[in-house]
Amino acid sequence: MLVENNKYTVQGVDLVNLTEEFGTPLYVYDSDKIRSQFDRLTNAFKGVKLRVKYATKSLTNLSILKLLKSFGSELDCVSIQEVKLGLKAGFSPDQILYTPNCVSFSEIRQAVEIGVMINLDNISILEQFGHEYHGSVPICIRLNPHIMAGGNKKISTGHADSKFGISIYQLAHILRVVKTYNLNVVGLHMHTGSDILDAEVFLRGADILFDTARSFENLEFIDFGSGFKVAYKEGDITTDIEELGAKLSESFKSFCKDYGRELEMWFEPGKYIVSESGLFLVKTNVVKTTPATVFAGVDSGMNHLIRPMMYDAYHEIVNLSNPNGTSRVYTVVGYICETDTFGLDRKLNEVKEGDILAFKNAGAYAFSMASNYNSRLRPAEVLIHKGKAHLIRKREVFEDLIRNQVEVDI
Ligand SMILES: *Cc1c(COP(=O)(O)O)cnc(C)c1O
């Protein structure tokens, strides 16, 4: 987002004009930012066969999936529905990794039929899988390396209390099951959670995977998951992708030499790829002065952007309608009938009723976590691509709320 001639723009498109054309609240994505993040990640790893499996769950719109496909990305999917979205967006089954957790075995069977790579994270499922398919279907195993990554317990998945992955301390048991059923394990996987600050955490996890990998003869890839941290405000520390890329590429190459074969290196970034590409635009309905603060109440709420309430996430807020206004302190809240604070004590250029505010970092886990709570309609989504705005999801209408309801005579 730039300020040009006193207007906020993305690829030259005036954002306040966009809200006049498409209404508010509105999700807006910048294809250039997605491209630059994708390129930055792929350029950081040198001399290795890298495959990027974009974490579909972070932003699932078909046009975003198609855009990523055009950049050379593949997909990581956590539900069979995401797998189907990926196919619909034009990905072939061999480009899709399916990483389920606690799903029914019938969903895994569907994934086998579709022909995607399956990532299993439970010994009992491994046994069921062996019973049904033996070695006929290649699989990946998700390990829990027991390292604590990331600052937020809700998004940290690699620690001892986590429900994800098979503990590396159960390696002997895994190997027994693999041998008994003659399973064809072609990949090992870890995903230690989101918001990993430190390249060292990845490198420690990688060392654990390399050690474990020596027990499997047929590996074709190692998947290092994701969790790269992006900046939410000025001065935020982020994962140093270039440092990680340089160090991990080196240790991976020396591992491959040892292993005797050149394996592929996989990653599954979501937030890193799309978080910063997204803006969430809302309109200020009321400015309300109370004895404690000034509230700016907007035409949206945690039903559309739940991260501040769910993860205490910080989303920077900008008043697009008043680029040169005097800065004042506001508490920005939503219209949902419970406390839904988007931001406390934020300095915004003076806000008048009707002003358009933008939340930054609204690409990942924003629309994809939106709901109809309070019987509100979900917003439209717009992709700005090659200097033009494209509507990629229509705003919901009242009919959408009642479409699947069945009214009985009472
Ligand atoms: C959510 C998830 C990701 C993506 O995490 P980000 O922090 O958005 O990069 C990757 N892999 C798996 C298995 C996930 O569940």
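Residues numbered from 1 in each chain as written. Predicted model: local features only at pLDDT ≥ 70, side-chain atom pairs only at ≥ 80, totals over all residues. Heavy atoms only, no water.

Where helix α8 (residues 199-213) contacts helix α9 (residues 241-259), the two axes come as close as 10 Å, and the packing angle between them is 10°. Taken together, the axes of α8 and α9 lie roughly parallel to each other. Touching A199, E200, F202, L203, A206, F210 and A213 of α8 are E243, L244, K247, L248, S251, F252, F255 and Y259, all from α9. Split by residue class, the contact of α8 with α9 holds 11 nonpolar, one polar and three charged. (Axes fitted to C-alpha atoms, helices over the stretch in contact; angles between N-to-C directions. Helix = DSSP H or I, 4+ residues; strand = E, 2+ residues; numbered from the N terminus. Parallel < 35°, antiparallel > 145°, perpendicular 65-115°, else oblique. Contact = heavy atoms within 4.5 Å. Nonpolar A, V, L, I, M, F, W, Y, C, P; charged D, E, K, R; others polar.)

Where helix α1 (residues 15-22) is concerned, the buried positions are L15, L18, T19 and F22. Down the axis of α1, the buried side of the element spans an arc of 100°, and every buried residue falls inside it. In α1, those exposed residues whose orientation departs by more than 90 degrees from the buried face are E20 and E21. Positive backbone phi, at 85°, marks G23, one or two positions downstream of α1. (Buried < 20%, exposed > 50% of the residue type's maximum accessible area, 1.4 Å probe, protein only. Arc of directions from axis to C-beta.)

Here the focus is the sheet that holds strand β3 (residues 13-14). Read across the sheet, three strands follow the order β1-β2-β3 without closing on themselves; strand pairing throughout is antiparallel. Edge positions in the sheet fall to β1 (2-4) and β3, since each of these pairs with one other strand and no more. In terms of strand pairing, β1 meets strand β2 (residues 7-10) through three bridges, oriented antiparallel. Across the sheet, the residue bridging to V3 is Y8, located in β2. (Pairing = 2+ DSSP bridges.)

By secondary structure assignment, the location of N319 is in strand β16 (residues 317-319). In sequence terms N319 and K283 are 36 residues apart; their C-alpha atoms lie 9.7 Å from each other. With residues near it in sequence (within four places) discarded, N319 still touches Y8, N349, E350, V351, D355, I356 and L357. Among the polar contacts made by the side chain of N319, one reaches the main-chain carbonyl oxygen of N349 at a distance of 3.0 Å. Within the local environment of N319, its side chain forms a polar contact with the backbone oxygen of E350, the two atoms lying 3.0 Å apart. (Polar contact = N/O pair within 3.5 Å; in protein donor to acceptor, adjacent residues only side chain to side chain.)

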